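Chains, contacts and geometry: an overview
Each chain is listed here by its residues.
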Amino acid sequence: MTVRRLALLAVAAVAVMACGGSGSGGPTTGSTIVLGAPLGLTGALTKESTLTQQGYNLWLDWINARGGILVNGVKHPVQIKYYDDTSNANQSAVLMQKLITEDKANFLLGPYGSAATATDAAIAEQNQIPMVEANGAAQSIFNQGYKYTFGVLSPANKYLQGVIDMAATLNPKPTTIAMLSADDNFSLEVANAINTYAPTKGMNVVLFKKYKNGATNLGAEVQAAKAANPDIVLNSGHLTEAIAINKAAKQQKLNAKIFAYSVGPSTPDFISALGADANFVYDGSQWTPQVKYTPAFYLTVAQYVAAYKAKYAGLGDPDYHVAESTAACLALQRAIENAGSLDPKKVRDALAALDVTVFFGQIKFDSRGINIYKPMVVEQIQSGVHHTVFPADIADAQPMYPTPAWDQR
Amino acid sequence: MVDFVQLVILGLLAGGVYVAVGVGFGLVWGVLNIVNLAHGALVVVGGYLTWQLFTTLHLDPFLTLPVDAVALFVFGYALQRGVINRIIRAPLLFTFLLTFGLNLIVVNLLLLIFGSDFRSVTPSYSGQGFEFGSIVIPYVPLISLGVAIALSASLAFVLNRTRTGLAINAIASDRDAAQLVGIDLRHAYAVTYGLGAACAGVAGGLIALIQAITPTAGEPYTLQAFVVVILGGLGRVSATVVGGLAFGLVEAFGQSIPGSGSVFANAIAFGLMVLVLVTRPQGLMGRLR
């Protein structure tokens, strides 16, 4: 009996030493910070969710290699707890609640997509736990008066504005726009912003066509665009639809000076699926591997690209989904450091006051919690390679303009 | 007028894919009384086979279609013989559950093997076509329509002219009587499902050419097949052909409604389906049993 009690005591003593023991010199190791993130690891958003997870994990490796996040001289290792929400926004919210109540997540990272981010933001708000997200750009998320949701990415209304800005600098200047938009919240925000923005640059939307989100057959829409004979064909939608529109445009001889799609062309899949037909396509991008920002901490753009290629060999350059997801982690890390505390309210206030530039660009939130300070860049696929073509000061190539007709390529 | 003709052409060409997706689904439903929720997944398997053969062996995508058909036939035969036959006489709900489960397994296996990347087959002649004035008839969808018609014709031939096909027809008419005259039910069931899967495989090959595929892309095709088969009518291959082309046309005209009309293209197609069910429960061309 006494022997057993003695042994127990010894074990307890060792445990206490291991956990909270105060060594001398250098930061000590504190409790593990648990971050929760529901992601669509199966289902329709698997591709984008996987990229999001890569971005999170890239930072996780880096921070844990340094012993963790430094809070008041104590280093706290980080663990990210993932759940598969099967690409279902409602399921995402259920899992977010589970992460908070059962897994005791200290802070939250966003899921993929505006729909899931919107449902998760409500959970974060109810529980007053900060969520930093990188993949929900719909402004409707941020117009709810939420105080605990922060998005590091540029909001939806900026997605295609860069393309319009670029078009205004080109000669001969394009003046007419045909917009094909999916009918989900995010896509409509992107598209509607162009309706009001284009006239300020001397351009007009001559055709505005909505189609069902996830449509696989867009022949009739492309036909309508052809009938309108626009200078610019814009698509505000998703990768599958961008591929379908580009294929239909070639088949049905829809020619325009600019083809620009909001989401899709920036992923390697777009080029591998379409081959040479992907050339000349523009897209608005949150980030490209060519941007030039001077980071206050973490890696430079070049180091980031190298780190990604080392961890995920054979996948090419990281695309913007990866970069923005890493940026969300960086924003959270810096806010925790600034707050000097793991208290959710203090970290929330530190996020609201954050203003830092990293490899992804400036991270600073407006009063709604979205990052309106970082510009979008415009990419063009030239000879099967992504090039940044706008704004000119961070571009690595000139726009190839106008896009040649399909039978002259 | 030109726009109208072009729309009709686009609708019929899109209908080719729906025909290909629908015939296999209709066969399995009509004969086995299974609403095969794994049909879309089998379509995607066919798409990946075509993509794999196109990218690694540089085979012309249309030449890969027989490979899709044979591979999916073998897979479908084994699936029916080994798994689905066990519950073939159980209530409809069980076949729903089982095929839904099979759908999940196939989709997740595809995710493991191919990842979630979007793939599409783009041969050099993709996007080219005949031009008559301002009317365009692109090659790839045109050949696809031809393939879908040929697929349906050969299926009809197998069902109506071969011994196996007659056995399948006999089962569809009366399962017990067919067994009494000595038809091997297990084998005939498996052949039927195999044929359905083979059609799905060919449809998948065509879809990889026209659209982009990803392991989870199959679901809409199950739904489309369902509508196409109901539109045309259960029990005859030719009815599915009519259903598929009608669906393509309805979709094209629905999408061409100005403004946000295309959002309702699907609703219009489903509305038509309901209308057909109310007024002609046997479908546009079907035989009521």
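Look up a bit, the structure's there.
Reading guide: rules and limits
Residues numbered from 1 in each chain as written. Chains lettered and ligands numbered in written order. Predicted model: local features only at pLDDT ≥ 70, side-chain atom pairs only at ≥ 80, totals over all residues. Helix = DSSP H or I, 4+ residues; strand = E, 2+ residues; numbered from the N terminus. Rg over C-alpha atoms; globule rule 2.2 N^0.38 Å. Buried ≥ 20, exposed ≤ 12 C-beta atoms within 10 Å, placed from the backbone. Contact = placed C-beta atoms within 7 Å. Pairing = 2+ DSSP bridges. Axes fitted to C-alpha atoms, helices over the stretch in contact; angles between N-to-C directions. Left-handed = near helix turned anticlockwise from the far one by under 90°. Nonpolar A, V, L, I, M, F, W, Y, C, P; charged D, E, K, R; others polar.

Secondary structure summary: chain A contains 12 helices and 17 strands in total. Since a compact globule built from 409 residues should have a radius of gyration of about 22 Å, the 23 Å found for chain A is in line with a globular shape. Projecting the C-alpha coordinates of chain A onto the three principal axes gives extents of approximately 90 × 40 × 40 Å. Per-residue burial over chain A gives 55% buried out of 409 residues. In chain A, of all internal contacts separated by at least 6 residues, the share reaching a separation of at least 24 is 68%.

This part covers the sheet that holds strand β8 (residues 149–151) of chain A. Residues and elements named next belong to chain A. The strand order β5-β2-β6-β7-β8 describes an open sheet built from 5 strands, whose pairing is parallel. Lying at the two open borders of the sheet, with one neighbouring strand each, are β5 (78–84) and β8. Ignoring strand direction, the axes of neighbouring strands in this sheet form an average angle of 25°. Against the sheet, helix α4 (residues 114–127) engages β2 (33–39), β6 (107–109), β7 (131–133) and β8, with an angle of about 160° to β7.

All names here are of chain A. Of all 5 residues in strand β11 (residues 232–236), 5 are buried, a share of seventy percent or more. Here β11 shows two buried faces, one formed by Ile-232, Leu-234 and Ser-236 and the other by Val-233 and Asn-235. Bridge count for strand β9 (residues 176–182) against β11 is 5 bridges, and the pairing is parallel. Residue pairing for β11: Ser-181 is matched across the bridge by Ser-236. As paired elements, β11 and strand β12 (residues 258–261) share 4 bridges and run parallel to each other.

The next subject is the sheet that holds strand β4 (residues 74–76) of chain A. Residue and element names in this part refer to chain A. Taking strand neighbours across the sheet as the criterion, the 3 strands line up as β1-β4-β3 in an open arrangement whose pairing is mixed. The sheet is open, and its two edges are formed by β1 (28–29) and β3 (69–71), each paired on a single side. Relative to β4, β3 is paired through 3 bridges, and the arrangement is antiparallel. Bridging from a neighbouring strand, Val-71 pairs with Val-74 of β4.

Residue and element names in this part refer to chain A. Pro-391 follows Phe-390 through a cis peptide bond whose omega is -5°. The peptide bond linking Tyr-401 to Pro-402 adopts the cis configuration, its omega dihedral lying at -5°. Inspection of the secondary structure assignment puts Pro-402 in the segment after β17 (385–390). A positive phi angle, close to 50°, is found at Lys-104, a residue other than glycine. Secondary-structure assignment places Lys-104 in the loop between α3 (89–101) and β6. Although it is not a glycine, Asn-229 adopts a positive phi angle of roughly 50°. Of note, Asn-229 is situated in the loop between α7 (219–228) and β11.

As a further point, take the packing of helix α9 (residues 219–232) of chain B against helix α10 (residues 237–255) of chain B. Residue and element names in this part refer to chain B. It is the contact of α9 with α10, at a shortest axis distance of 7 Å, that shows an interaxial angle of 115°. In terms of crossing hand, the pair formed by α9 and α10 is right-handed. Residue-level inspection shows Val-227, Val-228, Val-229, Leu-231 and Gly-232 of α9 in contact with α10, the latter providing Ala-239, Thr-240, Val-242, Gly-243, Gly-244, Ala-246 and Phe-247. Its residues assigned to classes, the contact of α9 with α10 shows 8 nonpolar, 4 polar and no charged.

Shape descriptors only; they carry no functional weight alone.
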